[in-house]
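If you want the building blocks of each chain, they are given just below.
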Amino acid sequence: MRIMVESEADTVDVVDPYEAIPDETGAFAPSDKNKYLATPAVRRIITEHNCDLSKIQGTGKDGRILKEDVLAYLENQKEAKAGIKSCKPPTKQRLTKPLPLCPVAPPPAAKPPPTAAIAVVKPRPQKPQKVEPIKGIKKVMVQTMTKALTIPHFNYCDEVNCSQLVALRSQLKDIAKDSGVALSYMPFFIKAASLSLEHYPVLGATVDEDCQNLHYSESHNIGVAMDTPQGLLVPCIKGVESMTLLEVAQELNRLQQKGMEGKLSADDLKGATLTLSNIGAVSCSPHT
């Protein structure tokens, strides 16, 4: 079998690599007498893919086999081998894109897994409340804190360089130890508060219930907040204005010891006109 190859200049007669083979009826495929028109580029595709020219329908002028015809033939061959048929039979029109495949039904949606039943918790009977009478130190603290709420409040924060205080405590620490007194920084602040009250006595003043008069206390009774096994307590150091620094430290040691032992009396917790708190052990910033 020969192929007639036509270029822009002329037509070339090319021998087909496949000879005509008789079919089941004994008829022969087109032979040398039947020419197939194709360009050199199309002929190269036909040769590379060993195409059967008798099964390619040319759609070009005068039955010329075009590149699109060969590509459509090769695509149909792939679909036939894979068992996939095109929705529409191939036509003689020039193909610009692959033929669409038949729509395939989507797989059925998976059923959600069954949800586990939530167990219902039966309500449990409520236990009766325990009633404990407020007495002793707790009762005194309730009365003191309730009364404190009637006092006007204001906040003021400042920072002080205590380098000289640190040096002074180092000098007096051994002297206090010889007297059996533990000298911390707190006695210095208690005594400093007392000296401040001498200059500004209004800071320790109170007002009557009708808010008609100010009552100035001549005694500087300074309360000190303490953390004890019974909770936060505020025992009072009375008459600080007439006490030395070591006497203030000694009285503070006594109250601290009684607080740790749970032996503070009601009289120890009464009479404060000014209160100091020290929570430096927990590295706290200014507070109220």
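The name recorded for the protein in an unreviewed UniProt entry is DBT, from Cordylochernes scorpioides. In UniProt, the protein has this text filed under Cofactor (unreviewed entry): "(R)-lipoate". Quoted verbatim from the Sequence similarities (unreviewed entry) field of the UniProt record, the comment on the protein reads "Belongs to the 2-oxoacid dehydrogenase family."

Brief notes about unusual backbone geometry
A positive phi is found at cysteine 211, a non-glycine position, where the angle reads about 55 degrees. Here cysteine 211 shows up in the loop between strand E4 (206-207) and strand E5 (214-215).

Description of the sheet that holds strand E10 (residues 274-276)
Read from one edge of the open sheet, 3 strands run E9-E6-E10, paired in mixed fashion. Here the strands that pair on one side only, and so sit at the sheet edges, are strand E9 (236-237) and E10. Strand direction decides the pairing type here: strand E6 (residues 222-224) and E9, joined by 2 bridges, are antiparallel. Bridge assignment links glycine 223 to a residue of E9, and that residue is cysteine 236. Here helix H5 (residues 186-199) sits on the sheet and contacts E6, E9 and E10; the angle it forms with E10, its principal contact strand, is near 150 degrees.

Some remarks on the UniProt feature "domain: Peripheral subunit-binding (PSBD)" (unreviewed entry) in the protein
UniProt tags residues 37-74 as "domain: Peripheral subunit-binding (PSBD)" (unreviewed entry). Between the C-alpha atoms that bound residues 37-74 the distance is 18 Å, and the span itself is 47% helix and 5% strand.

Things to note about helix H3 (residues 137-148)
Taking 1.5 Å per residue as the helical rise, H3 with its 12 residues ought to reach 16 Å, and the 16 Å between its terminal C-alpha atoms agrees with that figure. Taken residue by residue, H3 has Ile137, Val140 and Met141 as its buried positions. Burial along H3 is one-sided: seen end-on, the buried residues are contained in an arc of 100 degrees.

Some remarks on the pattern of salt bridges
Within this structure, the stated rule accounts for 4 salt bridges. Between aspartate 268 and lysine 258 there is a salt bridge, with the nearest N and O atoms lying 2.9 Å from each other. Highlighted residues: aspartate 268 in the loop between helix H6 (245-261) and E10 and lysine 258 in helix H6, separated in sequence by 10 residues. Among the residues examined, aspartate 268 registers a relative accessible area of 7% and is labelled buried. Each of the salt bridges in this network shares a partner with another, and the network as a whole consists of Glu251, Arg254, Lys258 and Asp268.

Calculation rules
- Residues numbered from 1 in each chain as written.
- Predicted model: local features only at pLDDT ≥ 70, side-chain atom pairs only at ≥ 80, totals over all residues.
- Heavy atoms only, no water.
- UniProt positions renumbered as here; feature names shortened; annotations may be inferred.
- Helix = DSSP H or I, 4+ residues; strand = E, 2+ residues; numbered from the N terminus.
- Pairing = 2+ DSSP bridges.
- Contact = heavy atoms within 4.5 Å.
- Axes fitted to C-alpha atoms, helices over the stretch in contact; angles between N-to-C directions.
- Expected span 1.5 Å × (residues − 1).
- Buried < 20%, exposed > 50% of the residue type's maximum accessible area, 1.4 Å probe, protein only.
- Arc of directions from axis to C-beta.
- Salt bridge = Lys/Arg side-chain N within 4 Å of Asp/Glu carboxyl O.

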